[in-house]
There are 2 protein chains.
Amino acid sequence: MDNNIYEYVKELCVRAKSASCDLAVQTSAEKNKALAAIASKLRENVSLILAENEKDLSCAEANGVPKTMMDRLRLTEQRIIGMADAVMEVAALADPIGEGTVSTRPNGLKITCQRVPIGVVGIIYEARPNVTVDAAALCIKSGNAVVLRGGKEAINTNRILVKLMREVFEESFISSDAVALIDDVTREGTNALMSMRGLVDVLIPRGGKGLIKAVVENAKVPVIETGAGNCHVYIDERADMFKALRVAVNAKVSRPSVCNAAETLLVHRAVAEEFLPKFYDETRDVALEIRGCERTCSILPQALPATEEDYDTEYNDYIISVKVVDDVHDAVTHIRKYTTGHSEAIVTEDYTSARYFTTLIDAAAVYVNASTRFTDGGEFGFGAEIGISTQKLHARGPMGLSHLTTVKYIVEGNGQVR
Amino acid sequence: MDNNIYEYVKELCVRAKSASCDLAVQTSAEKNKALAAIASKLRENVSLILAENEKDLSCAEANGVPKTMMDRLRLTEQRIIGMADAVMEVAALADPIGEGTVSTRPNGLKITCQRVPIGVVGIIYEARPNVTVDAAALCIKSGNAVVLRGGKEAINTNRILVKLMREVFEESFISSDAVALIDDVTREGTNALMSMRGLVDVLIPRGGKGLIKAVVENAKVPVIETGAGNCHVYIDERADMFKALRVAVNAKVSRPSVCNAAETLLVHRAVAEEFLPKFYDETRDVALEIRGCERTCSILPQALPATEEDYDTEYNDYIISVKVVDDVHDAVTHIRKYTTGHSEAIVTEDYTSARYFTTLIDAAAVYVNASTRFTDGGEFGFGAEIGISTQKLHARGPMGLSHLTTVKYIVEGNGQVR
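This write-up is about the structure you can find in this document. (Residues numbered from 1 in each chain as written. Chains lettered and ligands numbered in written order. Predicted model: local features only at pLDDT ≥ 70, side-chain atom pairs only at ≥ 80, totals over all residues. Heavy atoms only, no water.)

**Observations concerning the sheet that holds strand β16 (residues 405–416) of chain B**
In spatial order, the strands read β10(A)-β9(A)-β11(A)-β8(A)-β7(A)-β12(A)-β13(A)-β16(B)-β2(B)-β1(B); together these 10 strands make up an open sheet with mixed pairing. Edge positions in the open sheet fall to β10 (304–305) of chain A together with β1 (100–104) of chain B, since each of these has one partner strand only. Bridging between β1(B) and strand β2 (residues 110–117) of chain B involves 5 bridges; their strand directions are antiparallel. Residue pairing across strands places B:Gly100 opposite B:Gln114, the latter belonging to β2(B). (Pairing = 2+ DSSP bridges. Helix = DSSP H or I, 4+ residues; strand = E, 2+ residues; numbered from the N terminus.)

Have a look at this one:
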């Protein structure tokens, strides 16, 4: 590892750790004041931000960056105002810090279990400038310092956004080191951040499968795995056909690029002949590509044959794999084999099938008669989210402010010994 | 890595994963029945267990194993009965599985957040056969399968204990693969277990600093770090001298080998001349070695000079480092530098100092006027504990049954789409 970059990142993290101590003792009022000032700063500096964003866009265009990435990278006045509004929404959320429970032990010790910030949160993400502001706002509100490492394509935009946020802190009681950007576009910066044991308390990767896998496998600091969603919708023998069609179509095509979109449709053999042609008709206008098992292909001549690999693929595109199954047990067996533990749905009117499915499927969110697309912090009522955890430790499913906290036990006595 | 051992461990973990699905849906009544049967089995097979333990003891003696390890390795009839009693205590605890909260969203979606087992728990520990049974009981009660990797010195004892537990499952609805022992005494077994991503959901190392460090640094599966305790007791200017002496002596000498014992004593300069000679007198009978700063040595001629390294050392022995500090701020600065985030105590009658200390010290447990020795699952009212987490993710402080669970969101609708 390049020693200069390592030392540079270490210095940022040491400062962030120190700033996190200041931030941990700020009142909600102080933190909200800082967030409101950030929102104002963004609104006041729209043209400055757009100018920096333009540099990134020109550079990205020259480098032939794919169109989807260009879309995510591009800011507009409306998008910047949207970022500022999102910061105000975070400010309006209840502050989890300081909440807790109290118990008194038989020996008279009073034990308070209280929510406290985690400390320093590292975020590794791709070329999405909105994450820079969203993640910083959520961390500040929950009393954490944040070290950001965004995609290199957005470096100019990230620089100005972080500079504006830090200026706000310079006018407050909070050290500006509470929000830091790793201003280095090589992989060394990421590698250094992943090795900051004792300085960075948790690392949250946000982005595609490759990014998340790299962080999970290489980080020496604790990681919360997010995002991989090979989600299934199972249409049961006793499904209401209207709900089935509505849910399956929505889960797949309302926004195929996101992690809570469905990738595989499982259909009970008793209803496959009725359901599949209707599903095909409903998705014809978006030209959904269907890759099916033998039984699917015999019902839908338009379907291409699915391979084993298809069932294991998160397309994030207008493609779906379809399998006709014998019963709910068969559906559960298939899902258990291929699930990434994100969101899984059954459509059924049968009580026992629903109960069987929700009990035996091991995923963050298990749906009955509703679209997998609801797995989202906002939809779950948590307010903004920092990501969707697909691991089982610490947090599972959409992560809101409370998931950026840990606890501290405060034990008060009168000279008790053991 | 030895391929045979890797494949052997993988097979154990695949079977454990499958067993965990069975175990996850067992009722509390079924799980308690299995635990009661394990307790009976242990009581009925005391002589068999002692005979196997004797093999380990002879072997350990021949290999010149240290006396403290021999003590931990040795079982007696009383200790085996104690293990059985501990299993019954776990059976008597409330089952966290299935507990949860429900909310209804504006669109009518009903979201249930329910406690579910984590899945497969791996435990890596040293030559303490009681951990074999304790850890298995806690995992079973919380619906998790467990893969055990105990110290090689206890292999015969662990084999018989696991064999007896598995026999109980053969007579129940739970697969005996729910409790597995890695029957391999090389490091390869541990390395293989640490690499079982997707099969082992969490790894909990229990033991000395070296063991925990090795697991944290090398594991590819999520780890909960436990046990390192460089704990401090700070005697404030306004401490009650009676409480101060009582707490400091108890925190250090009641059981120096455990992680919640104090390693450093910080004393306000205004009370050092009064306190330190008394502390020396009170600990004279156990020949406590005192390593102090310059001011300490000038007050206590019996003290040896402390080095920087002393303040960073968890002695786990009849040794304490002592530093005279200027005030509570100085004490907090010292603790922040050297704390392992386990347990830290202040003795004071001053309200503001107490509040300052509990707010600014970042540790799992922060004490006012009580001994650090209370950081323990039993003392906190959690029942038995699987370890004491010194990390901030997932669990912090003593971990009871609820910390061996995660959540699942069950979302029920009537055809809702987004």
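**Things to note about empty space enclosed by the protein**
Residues and elements named next belong to chain A. What the rule picks out here adds up to 1 cavity of 30 Å³ or more. Approximately 30 Å³ is the volume attributed to the largest cavity. Around the largest cavity sit Arg149, Gly150, Gly151, Ile155, Asn158, Leu181, Ile182 and Asp184, which together line it. Tallied by class, the residues present in the lining of the largest cavity amount to 3 nonpolar, 3 polar and 2 charged. (1 Å grid on protein atoms, 1.4 Å probe; cavity = no way out; pocket = protein on both sides within 12 Å on 5 of 7 lines; lining within 4 Å. Points joined across faces, edges and corners; volume = space filled by probe spheres on them. Nonpolar A, V, L, I, M, F, W, Y, C, P; charged D, E, K, R; others polar.)

**Quick word on the relation of the copies chain A and chain B**
Once chain A has been moved 0.0 Å along the axis and rotated by 180°, it coincides with chain B to within an RMSD of 0.0 Å. Such a combination of rotation and displacement between the chain copies is what one expects of a two-fold axis. Within chain A, A:His394 has its C-alpha nearest the rotation axis, a separation of 1.8 Å. Taken together, the interface assignments show that 98% of the residues at the interface of chain A recur at the interface of chain B, consistent with an identical surface on both copies. (Least-squares fit on C-alpha atoms with pLDDT ≥ 70 in both. Contact = heavy atoms within 4.5 Å.)

**Observations concerning the pairing of strand β9 (residues 289–292) of chain B**
Residues and elements named next belong to chain B. Burial along β9 is one-sided: Ile290 and Gly292 are buried, while Glu289 and Arg291, pointing the other way, are not. In the sheet, β9 pairs with strand β11 (residues 319–325) via 4 bridges, with the strands oriented parallel. Note that in β11 the partner of glycine 292 across the bridge is valine 322. Where β9 lies against strand β10 (residues 304–305), 2 bridges are found, and the strand directions are parallel. In the sheet register, arginine 291 faces β10, and the bridge partner there is leucine 304. Read as a crossover between parallel neighbours, the route from β9 over helix α12 (residues 294–299) to β10 is right-handed. (Buried < 20%, exposed > 50% of the residue type's maximum accessible area, 1.4 Å probe, protein only. Right-handed = clockwise from strand over helix to strand, strands pointing away.)

**Some remarks on the packing of aromatic side chains**
Overall, the coordinates contain 12 aromatic pairs over all chains when judged by the stated rule. Ring geometry for A:Tyr311 and A:Tyr338: centres 6.1 Å apart, planes at 45°, overall tilted. Taken as a pair, A:Tyr311 in helix α13 (residues 308–311) and A:Tyr338 in helix α14 (residues 328–338) lie far apart in primary sequence, 27 residues in all. Using a relative accessible area of 7% as the deciding quantity, one classes A:Tyr311 as buried. Using a relative accessible area of 9% as the deciding quantity, one classes A:Tyr338 as buried. Judged by centre distance (5.1 Å) and plane angle (65°), the rings of A:Phe380 and B:Tyr409 are edge-to-face. With A:Phe380 in the loop between β13 (365–370) and β14 (387–389) and B:Tyr409 in strand β16, this residue pair bridges two chains. A:Phe380 gets classed as buried once you look at its relative accessible area, which sits at 5%. Accessibility expressed as a relative area gives 7% for B:Tyr409, which makes it buried. Ring-pair connections join several aromatic residues into one group, and the members of that group are A:Phe380, A:Phe382 and B:Tyr409. A:Lys323 extends its terminal NZ or CZ atom over the ring of A:Tyr311, reaching a point 6.0 Å from the ring centre. (Phe/Tyr/Trp six-rings, centres within 6.5 Å; stacked < 30°, edge-to-face > 60°. Lys NZ or Arg CZ within 6 Å of the ring centre and 35° of its normal.)

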